[in-house]
Amino acid sequence: LTSVFTVGALPSAKSTTFGSYCHAACEKLITKGKITAPQSFVDRVADADTFINDMDEYYKTFSPEKEDYIHSVAVWWSLRAVMSSLVEEMVLVDRVLYLLEQGCEAELIRLFPPDVSPRGYVLIGRKSGGIHSGEGDRLNVGVSDENGVSSLSR
């Protein structure tokens, strides 16, 4: 069974080549304690220039047609970047429509500006009718606290 490790964000200056990306990723995984590596590997990563050159040479032997591959990846990456916000907004609209179909009132409000959080929306639904039909029950759906736990509040 293979374990999966998430590297997370790396500064773009550290990812100019495949070798520099590998070095920054390995260094981050080792220093954050996400992996326990043999001392020989840790020493190899510590010698940054040699490690980067070795990884770049390995990459060249792995993918001789890398220019075509890089172009294909760039096209798909661009398509993903353009379409991702559209798909996310379609999901939010679908959730609003579901609430409306269930006889609820629904609001979709931008809680944070896009530069702070591209997913900065909150969906608010109010139950119309039922036991508490006076003002309607106010349900805040999809709001997460600092631990990422969604809450429903009335």
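Residues numbered from 1 in each chain as written. Predicted model: local features only at pLDDT ≥ 70, side-chain atom pairs only at ≥ 80, totals over all residues. Heavy atoms only, no water.

A.B. asks: Quick rundown of the overall build of the protein chain? Include the residues and the values.
C.D. replies: The helix and strand tally for the protein chain stands at 4 helices and 5 strands. Of the contacts formed within the protein chain by residues at least 6 apart in sequence, a portion of 25% connects residues at least 24 apart. Only carbon and sulfur atoms are counted for the fraction: they give 58% of the accessible area of the protein chain, which is about 11800 Å². (Helix = DSSP H or I, 4+ residues; strand = E, 2+ residues; numbered from the N terminus. Contact = heavy atoms within 4.5 Å. Areas by Shrake-Rupley, 256 points an atom, 1.4 Å probe, with all protein chains shown as cover.)

A.B. asks: Can you tell me about the side chain of S20, naming the residues and giving the values?
C.D. replies: Locating S20 in the fold gives a position in helix α1 (residues 18-31). Here the side chain of S20 touches T17 through a polar contact of 2.9 Å, landing on its backbone nitrogen. (Polar contact = N/O pair within 3.5 Å; in protein donor to acceptor, adjacent residues only side chain to side chain.)

A.B. asks: Talk me through the packing of aromatic side chains; I want residue IDs and the actual numbers.
C.D. replies: According to the stated counting rule, one finds 0 aromatic pairs in the structure shown. The cationic tip of R80 hangs over the ring face of W77; the distance from NZ or CZ to the ring centre is 4.8 Å. When the ring centre of Y121 is taken as reference, the NZ or CZ atom of R110 above it lies at 4.2 Å. (Phe/Tyr/Trp six-rings, centres within 6.5 Å; stacked < 30°, edge-to-face > 60°. Lys NZ or Arg CZ within 6 Å of the ring centre and 35° of its normal.)

A.B. asks: Residue-level account of the packing of α1 against helix α2 (residues 39-46), with values.
C.D. replies: One way to put it is that α1 packs onto α2 with a least axis distance of 10 Å and a crossing angle of 130°. When the interaxial angle is binned, α1 and α2 end up oblique. The two elements α1 and α2 meet at a crossing, and its hand is left-handed. Mapping the contact onto sequence places H23, C26, E27 and I30 in α1 and F41, V42 and V45 in α2. A per-class count over the contact of α1 with α2 returns 5 nonpolar, 1 polar and 1 charged. (Axes fitted to C-alpha atoms, helices over the stretch in contact; angles between N-to-C directions. Parallel < 35°, antiparallel > 145°, perpendicular 65-115°, else oblique. Left-handed = near helix turned anticlockwise from the far one by under 90°. Nonpolar A, V, L, I, M, F, W, Y, C, P; charged D, E, K, R; others polar.)

A.B. asks: Describe the pattern of salt bridges, naming the residues involved and giving the relevant values.
C.D. replies: Per the stated rule, a full pass over the model turns up 4 salt bridges. Among the salt bridges present, the one from R44 reaches D54, with a minimum N-O distance of 3.5 Å. Taken together, the residues R44 in helix α2 and D54 in helix α3 (residues 48-62) connect sequence positions 10 residues apart. Owing to a relative accessible area of 32%, D54 belongs among the partly exposed residues under this scheme. As a salt-bridge pair, R126 and E105 come within 3.9 Å of each other at their nearest N and O atoms. A residue pair is termed long-range when its members are at least 10 positions apart, and R126 in strand β2 (residues 121-127) and E105 in strand β1 (residues 104-110) qualify at 21 residues. E105 gets classed as partly exposed once you look at its relative accessible area, which sits at 44%. Bridged by salt links that share partners, the residues E105, E107 and R126 form one connected network. (Salt bridge = Lys/Arg side-chain N within 4 Å of Asp/Glu carboxyl O. Buried < 20%, exposed > 50% of the residue type's maximum accessible area, 1.4 Å probe, protein only.)

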